[in-house]
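Breakdown of the fold
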Amino acid sequence: MSGVAGTYEIMAPVTTPTSTRTELRRISRRAAAVAPSATLAVDAKAKALQAAGEHVIGFGAGEPDFPTPTHIVEAAVAACRDPANHHYTPTAGIPALREAIAAKTRRDSGLEVSGSQVLVTNGGKQAVANAFAVLCDPGDEVIVLAPYWTTYPESIALAGGTPVYVTSDETTGFRSSVEDLEAAWTPNTKALLFVSPSNPTGAVYPRDEIEAIGRWALDKGIWVLTDEIYEHLVYGGAEHHSMPVLVPELADRCLVANGVAKTYAMTGWRVGWLIGPADAISAATNIQSHETSNVSNVAQRAALAAVAGGLEDVTSMRAAFDRRRQTIVTMLNDIDGIVCAEPEGAFYAYPSVKGLLGKSLRAKRPATSAELAELCINEAKVAVVPGEAFGTPGYFRMSYAMADHDMVEGVSRLAALFAEAQD
């Protein structure tokens, strides 16, 4: 993955019988180094097979399978009819939405911010991209906790930064310690990317560990970008805590990314936000003004209805996710060769499939989780995302944001397939 910031490179002059000219690199190194989203690629392949008549069960997409709540949809319908929403609005977002996001943040996490500290973005991905565009210069390093969401390293590299990985596994609950971070720190470290609850593992950091990591970042004088998109999807005794609330002194060097996608089943509406100190938000707003300008006004009005309302809908969704979480973990752990830690948040299981690698299966001997995932979709018509996409080979990410019967059928197909594995 490249962190080169240049757009193109001038090549040595090339002389041909018909022309003499300076050839330019057709595609920039930076763009060529960007990998496509593995999760979206798996989802696209599953949908293509479905369109061709195959009964494919997809565990790839990370989005709630529930419709957007009715009152939010109705707010969007009304917004379409209002001519005020047919024109540009401020890049940073409709003022009423920025204030509502600030109020929602105070209500849900206890972080005190003003509307002026909020930038409304085209989904959580743009919030992340804006954050790294503001923070990173070429040579700056960002500590990334692995397993990581596929977009994080690409956003860092596109901003000119260099991701530095700290890897954890199921033996620590997929959580990294201060000692792990200290080992990864260098004088070039500019920021830490922190995520809890985690995509892809569902790990949730307890309060004391979040505070310890925040204190470490404060002592090091580095920035923290904390992604809180799954804040309301925690289960059992797990709790979500916002780092700048636990370590208030860090607030001046902390950016918070969030959005409506997961909490309100609004992945397709593309509304996220970035919260932080005034200078960083101003810089991010300037960048966005040249990239996309304002988010769709209709989507912003829908988001306003979402964040200004209650959390009843996410409460019912969370109950369904919790039920599915327990079912999928039990079923996966019943399969020889698979070990699945219990996720405490989000809506993903992240089972280890290392016990199946190297075994003979349907005339093949998959040596990697990527090869095993390919076998799953070809032979069982089950789509999963291999751990390679998240920086930790040997695992599958399986979203349980899906109908219960499809989930059970999909895991049952995998169990039947893997039962054929031979040494």
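Above: the structure in question.
Everything in this summary refers to the structure shown in the same document.

What follows is about the sheet that holds strand β14 (residues 396–399). The strand order across the open sheet formed by 3 strands is β11-β14-β13, and the pairing between neighbours is antiparallel. Of all the strands in the sheet, just β11 (348–349) and β13 (385–386) have a single pairing partner and so form its edges. Of the strands in this sheet, β13 and β14 touch helix α13 (residues 369–380), which is tilted by about 45° from β14.

Below, the discussion takes up the pattern of salt bridges. Throughout the structure, instances matching the rule amount to 19 salt bridges. Across the salt bridge formed by R175 and E209, the nearest N and O atoms sit 2.8 Å from each other. Placement of the pair is R175 in the loop between β6 (162–167) and α7 (178–184) and E209 in helix α8 (residues 207–220), with a sequence separation of 34 residues. Residues joined in a network through salt bridges with shared partners are D65, R323, R324 and D404.

On to the side chain of K381, then. Checked against the element boundaries, K381 lands in the loop between α13 and β12 (382–383). A distance of 2.8 Å separates the side chain of K381 from the backbone oxygen of N378, its partner in a polar contact. Setting aside its immediate chain neighbours within four residues, K381 contacts E54, H55, V56, I57, C376 and R413.

It is worth spelling out the pairing of strand β8 (residues 223–227) at this point. By the criterion of burial, β8 is predominantly enclosed, with 5 of the 5 residues buried. With α8 bridging strand β7 (residues 189–195) and its parallel neighbour β8, the resulting β-α-β unit is right-handed. Pairing geometry for β8 and strand β9 (residues 254–259), over 4 bridges, is parallel. Bridging across to β9, D227 finds its partner in A257.

Before going further, it helps to spend a moment on the pairing of strand β10 (residues 272–275). Burial along β10 is two-sided: G272 and L274 facing one way and W273 and I275 facing the other are all buried. In the sheet, β9 pairs with β10 via 4 bridges, with the strands oriented antiparallel. When the sheet's bridge partners are listed, V256 is paired in β10 with I275.

Turning next to the packing of aromatic side chains. Evaluated as defined, the whole model comprises 12 aromatic pairs. Centroid distance F174 to Y395: 5.8 Å. Interplanar angle 70°. Geometry classified as edge-to-face. On the criterion of sequence distance, the pair formed by F174 in the loop between β6 and α7 and Y395 in the loop between β13 and β14 is long-range, its members being 221 residues apart. Classification of F174 as buried rests on a relative accessible area of 7%. Residue classification places Y395 among the buried residues on the basis of a relative accessible area of 3%. Taken together through their ring pairs, the aromatic side chains of F66, Y230, F321, F347 and Y348 make up a single cluster. Stacked on the ring of W185, the Lys or Arg K220 has its end atom at 4.1 Å from the ring centre.

What counts as what
Residues numbered from 1 in each chain as written. Predicted model: local features only at pLDDT ≥ 70, side-chain atom pairs only at ≥ 80, totals over all residues. Heavy atoms only, no water. Pairing = 2+ DSSP bridges. Helix = DSSP H or I, 4+ residues; strand = E, 2+ residues; numbered from the N terminus. Contact = heavy atoms within 4.5 Å. Axes fitted to C-alpha atoms, helices over the stretch in contact; angles between N-to-C directions. Salt bridge = Lys/Arg side-chain N within 4 Å of Asp/Glu carboxyl O. Polar contact = N/O pair within 3.5 Å; in protein donor to acceptor, adjacent residues only side chain to side chain. Buried < 20%, exposed > 50% of the residue type's maximum accessible area, 1.4 Å probe, protein only. Right-handed = clockwise from strand over helix to strand, strands pointing away. Phe/Tyr/Trp six-rings, centres within 6.5 Å; stacked < 30°, edge-to-face > 60°. Lys NZ or Arg CZ within 6 Å of the ring centre and 35° of its normal.

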